[in-house]
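Residue strings, one per chain:
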Amino acid sequence: MNMTPNDELSSPEEEWPVKPYYKRELVQAYAPDISPIAALNRLAQWIKLNLLLREALGQTGYKARRQIFTSLQVKLIFKYLGRP
C-alpha cells in the first residue's frame, strides 16, 4: 500500500475530536511544556480574559471546579481558543 504525504499527517479535528475531556488532559495539550497545575491556571486565565468564551461556557453550566469538560464546552473552547 502506497502512502501519500497527507496520509501521515492527521488533522487537528482527527487528533482532538469534540468529546468530553478531563481538564488536565486538555490543558496539557495546550501547554505540554509546563506543569499540569500551571496549565490549569493558564486555561483559567484565558477563560477569565476571553469574555465571549466565559459567557458561552457559563450558558452551559460550566463550573471552574469541575474536573471534566463536556462535549459542548470542548466545542466552545476549540471555537474561541483553537485546537491544541
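Above this text sits the structure in question.
A brief structural summary.

Conventions used here
- Residues numbered from 1 in each chain as written.
- Predicted model: local features only at pLDDT ≥ 70, side-chain atom pairs only at ≥ 80, totals over all residues.
- Heavy atoms only, no water.
- Helix = DSSP H or I, 4+ residues; strand = E, 2+ residues; numbered from the N terminus.
- Buried < 20%, exposed > 50% of the residue type's maximum accessible area, 1.4 Å probe, protein only.
- Contact = heavy atoms within 4.5 Å.
- Areas by Shrake-Rupley, 256 points an atom, 1.4 Å probe, with all protein chains shown as cover.
- Axes fitted to C-alpha atoms, helices over the stretch in contact; angles between N-to-C directions.
- Parallel < 35°, antiparallel > 145°, perpendicular 65-115°, else oblique.
- Nonpolar A, V, L, I, M, F, W, Y, C, P; charged D, E, K, R; others polar.
- Core = buried A, V, L, I, M, F, W, Y, C linked by side-chain atoms within 4.5 Å.

**Comments concerning the overall build of the protein**
Here comes step 1: When helices and strands are tallied, the protein shows six helices and two strands.
Here comes step 2: Overall, the protein shows an N-to-C arrangement of helices and strands of α-α-β-α-α-α-β-α.
Here comes step 3: Counting all 84 residues of the protein, 25% fall into the buried class.
Here comes step 4: For the protein, restricting intrachain contacts to residue pairs at least 6 apart in sequence, the fraction spanning at least 24 positions comes to 63%.
Here comes step 5: For the protein, the accessible area works out to roughly 6200 Å², and carbon and sulfur atoms hold 53% of it.

**Side note on the packing of helix H5 (residues 51-59) against helix H6 (residues 71-81)**
Here comes step 1: Here H5 crosses H6 at 170°, and the two axes come no closer than 10 Å. Relative to H6, the element H5 lies roughly antiparallel. Along the contact surface, H5 presents Leu52, Leu53, Ala56 and Leu57, while H6 presents Gln73, Leu76, Ile77, Tyr80 and Leu81.
Here comes step 2: Class assignment of the residues belonging to the contact of H5 with H6 gives a composition of eight nonpolar, one polar and no charged.

**Re the nonpolar core**
Here comes step 1: Counting residues in each nonpolar core, the largest one holds 18 residues, and the members touching the most others are Leu26, Leu57, Phe69, Ile77 and Phe78.
Here comes step 2: Counting residues per element, the ones that place at least two in this core are helix H3 (23-30), helix H4 (36-49), H5 and H6.
Here comes step 3: Looking at which element gives the most residues to this core, the answer is H6, with four residues.
Here comes step 4: With residues near it in sequence (within four places) discarded, Phe69 still touches Pro20, Tyr21, Lys23, Leu26, Leu43, Tyr62, Val74 and Ile77.

**Brief notes about the packing of H4 against H5**
Here comes step 1: In the contact formed by H4 and H5, the axes pass within 5 Å of each other and the chain directions differ by 95°. With respect to their mutual orientation, H4 and H5 come out roughly perpendicular. Only Leu51, Leu53, Arg54 and Leu57 of H5 make contact with H4, whose side of the interface consists of Ile47, Lys48 and Leu49.
Here comes step 2: For the contact of H4 with H5, the per-class residue count stands at five nonpolar, no polar and two charged.

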